[in-house]
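# Secondary and tertiary structure notes
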Amino acid sequence: HPQWSHLPVDFLCEMLDHDERVLGIEILNTNSEVDYSDACESVWDEVLRTGRQCYGFCVQDHLQSDTWRGKIILLPEERTQKSLLKALRDGRFYGAVTGEVKFEHISFDGKTFRAACSEEVFFQVISRRGVETECSGREIAFDVPRNMFSQYGYLRLDARFGRRREKLFTQ
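Everything in this summary refers to the structure shown in the same document. Computed from a predicted model, the values in this text were never measured in an experiment. Per chain, the residues get numbers from 1 upward, laid out in the order the sequence is written. Only residues with pLDDT of at least 70 get local features here, since the model is predicted, and only at 80 or more are side-chain atom pairs given and counted; chain-wide, interface and lining totals rely on the full set of residues. With hydrogens and water stripped out, all remaining heavy atoms of the structure feed into the side-chain values.

### Concerning the overall build of the protein chain
Threshold: Put simply, DSSP H or I for four residues or longer makes a helix, DSSP E for two residues or longer makes a strand, and each gets a number counted from the N terminus. Only heavy atoms matter for contacts: two residues are in contact if any of them lie within 4.5 Å across the pair.
Looking only at helices and strands, one finds 5 helices and 9 strands in the protein chain. Long-range contacts, defined here as pairs at least 24 residues apart, represent 57% of the contacts in the protein chain between residues at least 6 apart.

### Looking at the pairing of strand β8 (residues 156-161)
Side chains on a regular strand alternate between the two faces of the sheet. Stated formally: Partly exposed residues are those whose accessible area sits between 20% and 50% of the maximum for their type, while under 20% is buried and over 50% is exposed, using a 1.4 Å probe and protein chains only. Strand pairing requires that DSSP identify at least two bridges connecting the strands.
With 5 of 6 residues buried, β8 is to be regarded as a mostly interior element. The pairing of strand β6 (residues 112-127) with β8 spans 5 bridges and is antiparallel. Opposite F123, over in β8, you have A159 as the bridge partner. Judged from the 4 bridges that link them, β8 and strand β9 (residues 166-169) form a sheet pairing that is antiparallel.

### What to know about helix α2 (residues 9-18)
Let me state the cut-off plainly: It is the directions from the helix axis to the C-beta atoms whose arc is reported.
Where α2 is concerned, the buried positions are V9, L12, C13 and L16. Burial along α2 is one-sided: seen end-on, the buried residues are contained in an arc of 100°. More than 90 degrees from the buried face of α2, the exposed residues found are D10, E14 and H18.

### Some points on the pairing of strand β7 (residues 130-143)
As paired strands, β6 and β7 are joined by 12 bridges and run antiparallel to one another. Within β7, the position partnered with I126 by the bridge is V131. Hairpin connection from β6 to β7: 2 residues lie between these consecutive antiparallel strands.

### Focus: the layout of surface pockets
The condition that has to hold: Every definition here rests on a 1 Å grid over the protein atoms only: cavities are sets of points where a 1.4 Å probe fits but cannot get out, pockets are open sets enclosed by protein on both sides within 12 Å along at least five of seven lines, and lining residues have some atom within 4 Å of a point. Grid points are joined across faces, edges and corners, and a volume is the space filled by probe spheres set on the points. Amino acids outside the nonpolar list (Ala, Val, Leu, Ile, Met, Phe, Trp, Tyr, Cys, Pro) and the charged list (Asp, Glu, Lys, Arg) are all regarded as polar, and Gly is one of them.
Of the volumes computed, that of the largest pocket is approximately 690 Å³. In this structure, the largest pocket is lined by 24 residues; those nearest its centre are Y55, F113, L155, R156 and Q171. When contributions to the lining of the largest pocket are tallied by element, the ones reaching two or more residues are α3 (41-49), β5 (103-108) and α5 (148-151). It is β5 that provides the largest number of residues to the lining of the largest pocket, a total of 3 residues. Split by residue class, the lining of the largest pocket holds 13 nonpolar, 7 polar and 4 charged.

### What to know about the pattern of salt bridges
For the record, the criterion: By definition here, a salt bridge exists when the distance from a side-chain nitrogen of Lys or Arg to a carboxyl oxygen of Asp or Glu is within 4 Å.
Scanning the model with the defined rule gives 12 salt bridges in all. Here R156 ties to E41 by a salt bridge, and the two come within 3.6 Å at their closest N and O atoms. Placement of R156 in strand β8 and of E41 in helix α3 is noted, with a sequence separation of 115 residues between them. Grouping residues by exposure puts R156 and E41 together as buried. Here D90 makes a salt bridge to R92, at a shortest N to O gap of 3.0 Å. A cluster of three or more residues bridged by salt bridges with shared partners is formed by E41, D45, R156, D158 and K167.

### Considering the nonpolar core
Basically, it comes down to this: Each nonpolar core is a collection of buried residues, namely Ala, Val, Leu, Ile, Met, Phe, Trp, Tyr and Cys, held together in the definition by side-chain atoms within 4.5 Å.
In terms of nonpolar packing, the biggest core is built from 20 residues, with F103, F123, L157 and L168 touching the most fellow members. Of all the elements in the fold, those that place two or more residues in this core are β4 (93-96), β6, β7 and β8. A total of 6 residues in this core trace back to one element, the largest contributor, which is β6. With residues up to four places along the chain from it excluded, the contact list for L168 reads Y94, G95, A96, V101, K102, F103, C117, L157, D158 and A159. Counting 18 residues, the second largest nonpolar core, distinct from the first, contains L16, I27, C58 and Y154.

Here is the structure:
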């Protein structure tokens, strides 16, 4: 629990560097506050600012909750165990608070980052500089310049759906 344990970012980076099987950190779990204000996106962003690959995991800590918040939605190429594990290792998944609202499409063709959701949401494209752009709707397209890494460092996308308190997190 990076947010609650107050582990220093240097220590989190040391854990990420320790073994290639360490893929990321927990950014949200079942016990998160109702408004998800304690999701550790700021810690995730601090780690990403170091240039490391770090996936954000939304997890269910225990079975004692009837809300079942924190899900990972895998995007495998096919429905096999091998493909599911490969999708997880390659970051072809997204995190969700409840899973009620879904990404219908996420892509990057080297020039434009695109996403579409099953419902109208509030999108935010986030980089090491902060929020790069935001909009409401079912789709977003963000043009990325050639020098993306020197300018942005990383990009990730959040999508919020207010009525159901849903939030989606991309890698």
